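Reading the structure
Residue-level listing of the chains:
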Amino acid sequence: MAAETLLVRGGTVVTMDPERRVLRPGYVYVEDGRIADVGTDGRGVKADKVVDALGGVIMPGLICGHTHLYGMALRGAALKIRKPTDFLQNLQRIWWPLDEVLTNEDAYATALAAAMEFALSGTTTFADTYSAPPRPEGSLDSIAAAVNEVGIRGVISFEATERRSVEEGRRGLEENIRFLKKGGEGRVRGMISLHASFTISDELIGRGVEAAEKFSCPITIHVAEGPNDQYHNIERYGVRSVERLRMAGLLSGRAVLAHCVHLTLDEVDILSGTGAHVAHNPMSNMLNAVGVMPLKHMMAKGVNVCLGNDGYVFDMFENMRSCFLLHRLSGRDPAAIQPQTVVEMATVNAAKAYGLHDLGSLEVGKRADIIVVRPEVYATPFSGSVYGYIVNGLKGGDVRTVVVDGEVVMENRRLTRLDVEEASSKVRKTIERLWERLGESPAEAVEPLSLQR
Ligand SMILES: [Zn+2]
């Protein structure tokens, strides 16, 4: 159980507070799961439990703004498929055949593995979208159970899609509503998720928005990850994706749009006036070769952009670094993005996107989600550019201690609530069975450009 009081001291505190204060050395003092004091030095402060950062960085737990925990099932999978040549084929040949066969046992196993990886690499909160159109019922309970075993936080959802039938879309949305009605589970909360505008109708968007308002929760959707999203909306609705979503009533401060790669600057303008947030997934975008989203324009227009992994690499330090490098390279501009901006995307911006107002920074009154990061070869001090150090010089494996809600869930690289070896071997057995079921994928069995009504 959580110690009543906890002191994390002996390192550089990167608060991510509104002034972006960095305290060298600093401390964070926690009472009953909330931050009660943040200051410099801290040698005179007493607490039930003391975590010594040994000169490392003390910062807010990272927040992954868009993930698919079940993406863990694809790691190392040898798929018997024709190789995709564009984004849509990625969905048709890889992701959709996978989500056709997923069971709640798979949802649990992949969530357990992903949550362990998140915890071990300093991510304390994530926003997840799960997909298994034939079997939505109860899946969110399975995911929540796994995440609570590890002890991190999740905002989870079932991805409603009408790619095959309106009925499957209804059942998907219903699973979100069921989980929201029960108020989540432990450290896990619910939200609404719709797949993408080329697989959902305006009616489903309307019902999703209504539910998000009723439960005061976020609503998320994939937008213009590939160009086909735009083709679909232009052909069917006569407008581009962002305009269609605006007309359907989706764009508000509750909405988190994943990707937004193929947006025109006009669409960025529309977005900026709506308060909708964007989840950027640079590593996934590179993996799927879909392109580079207009990050600089979005930020110039004041769009709140957070960082996600899209179910690919679960170490958010790697995702931060990739974001940093991608925009410098693609803009051929070494000043395209600053390290501090990237750290903001994985902390305060993500908290804002999901309405998690008491997370994302180390400030008095906020929930105590804290990580201590110290590289094994601690050869250069943190007295210089700490954001540059975080983005260029740290990795998930350097995270030593993870605190969630004042409870130490990882200490000296060991998870405190469960045995990683034991849990991993349980997951592997489930994944082996899942891979056997995958078999040969019926490629392009679904025609996503025509909503089947
Ligand atoms: Zn995604």
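Predicted model, so just to flag it, every value in this text is computed and none were measured.

Attention now goes to the overall build of the chain. Summing up its helical and strand segments, the chain has 15 helices and 18 strands in all. In terms of overall size, the chain behaves like a compact globule, its C-alpha atoms giving a radius of gyration of 21 Å where 453 residues would be expected to give roughly 22 Å. Over its C-alpha atoms, taken along the principal directions, the chain stretches across nearly 70 × 45 × 40 Å. Expressed as a percentage of its 453 residues, the buried residues of the chain come to 61%. Sequence-distant contacts, at least 24 apart, represent 76% of the contacts inside the chain between residues at least 6 apart. When the 51 basic and 58 acidic side-chain charges of the chain are each reduced to a single mean position, those positions are 2 Å apart.

The tally for this structure, following the rule as stated, stands at seven aromatic pairs. When the ring of Y70 is compared with that of W95, the centres are 5.5 Å apart and the planes differ by 90°; the resulting orientation is edge-to-face. Here the residue Y70 occupies a position in the loop between β6 (62-67) and α1 (87-101), and W95 occupies one in helix α1, the gap between them amounting to 25 residues. Take Y70 and W95: they sit in the same class, and that class is buried. Arranged with centres 5.1 Å apart and planes meeting at 70°, the rings of F118 and F314 form a pair that is edge-to-face. Of this pair, F118 sits in helix α2 (residues 104-120) while F314 sits in the loop between β14 (305-307) and α11 (316-330), and the two are 196 residues apart along the sequence. Considered together, F118 and F314 belong to a single accessibility category, that of buried residues.

Before going further, it helps to examine the nonpolar core. Grouped together as the largest cluster of nonpolar side chains are 119 residues, with contacts concentrated most on L271 and I390. Among the elements that line this core, the one with the most residues is α2, at twelve residues. Among the domains, domain 1 (5-60 + 366-415) and domain 2 (62-353) are the pair contributing at least three residues each to this core. Those residues in contact with I390, other than ones at most four positions away along the chain, are V14, V57, M59, F317, M320, R321 and V343. One finds V30, I35, L362 and V403 within the second-largest nonpolar core, a separate group that totals 17 residues.

A surface patch of like charges, here negative, comprises E4, E31, D32 and D48. Mapped onto the fold, D32 is located in the loop between β2 (22-31) and β3 (34-40).

What follows concerns the packing of α2 against helix α15 (residues 420-438). The contact between α2 and α15 brings their axes to 9 Å, and the two run at 135°. Taken together, the axis directions place α2 and α15 in an arrangement best described as oblique. Handedness of the α2/α15 crossing: left-handed. Taking contact as the criterion, the partners of E105, D106, Y108, A109, T110, L112, A113, M116 and L120 in α2 are, on α15, V420, A423, S424, K426, V427, T430, I431, R433, L434 and R437. Of the residues belonging to the contact of α2 with α15, the class tally is eleven nonpolar, three polar and five charged.

In terms of domains, the chain is made up of domain 1 (5-60 + 366-415) and domain 2 (62-353). Of the roughly 2,200 Å² buried between domain 1 and domain 2 on both sides combined, carbon and sulfur atoms contribute 65%. If you sort the residues of domain 1 by the area they bury against domain 2, M16, V391 and L415 come out on top, with a joint share of 26%. Linking domain 1 with domain 2 are four salt bridges. With its nearest N and O atoms 3.0 Å apart, the salt bridge here joins R153 to D405. Across the domain 1-domain 2 interface, the total number found is nine residue pairs in polar contact (both at pLDDT 80 or more). Put simply, the parts of the chain that give the side of domain 1 that touches domain 2 at least two residues each are β5 (57-60), β15 (370-373), α14 (386-393), β16 (399-404) and β17 (407-411).

What counts, and where the lines are drawn
- Residues numbered from 1 in each chain as written.
- Predicted model: local features only at pLDDT ≥ 70, side-chain atom pairs only at ≥ 80, totals over all residues.
- Heavy atoms only, no water.
- Helix = DSSP H or I, 4+ residues; strand = E, 2+ residues; numbered from the N terminus.
- Rg over C-alpha atoms; globule rule 2.2 N^0.38 Å.
- Buried < 20%, exposed > 50% of the residue type's maximum accessible area, 1.4 Å probe, protein only.
- Contact = heavy atoms within 4.5 Å.
- Lys, Arg positive; Asp, Glu negative; His and termini not counted.
- Charge placed at Lys NZ, Arg CZ, Asp CG, Glu CD.
- Phe/Tyr/Trp six-rings, centres within 6.5 Å; stacked < 30°, edge-to-face > 60°.
- Core = buried A, V, L, I, M, F, W, Y, C linked by side-chain atoms within 4.5 Å.
- Domains from an automatic or database assignment.
- Patch = residues over 30% accessible without salt bridge, like charges linked within 9 Å, V, L, I, M, F, W, Y side chains within 5 Å.
- Areas by Shrake-Rupley, 256 points an atom, 1.4 Å probe, with all protein chains shown as cover.
- Salt bridge = Lys/Arg side-chain N within 4 Å of Asp/Glu carboxyl O.
- Axes fitted to C-alpha atoms, helices over the stretch in contact; angles between N-to-C directions.
- Parallel < 35°, antiparallel > 145°, perpendicular 65-115°, else oblique.
- Left-handed = near helix turned anticlockwise from the far one by under 90°.
- Nonpolar A, V, L, I, M, F, W, Y, C, P; charged D, E, K, R; others polar.
- Buried area = accessible area lost by both parts, 1.4 Å probe.
- Polar contact = N/O pair within 3.5 Å; in protein donor to acceptor, adjacent residues only side chain to side chain.

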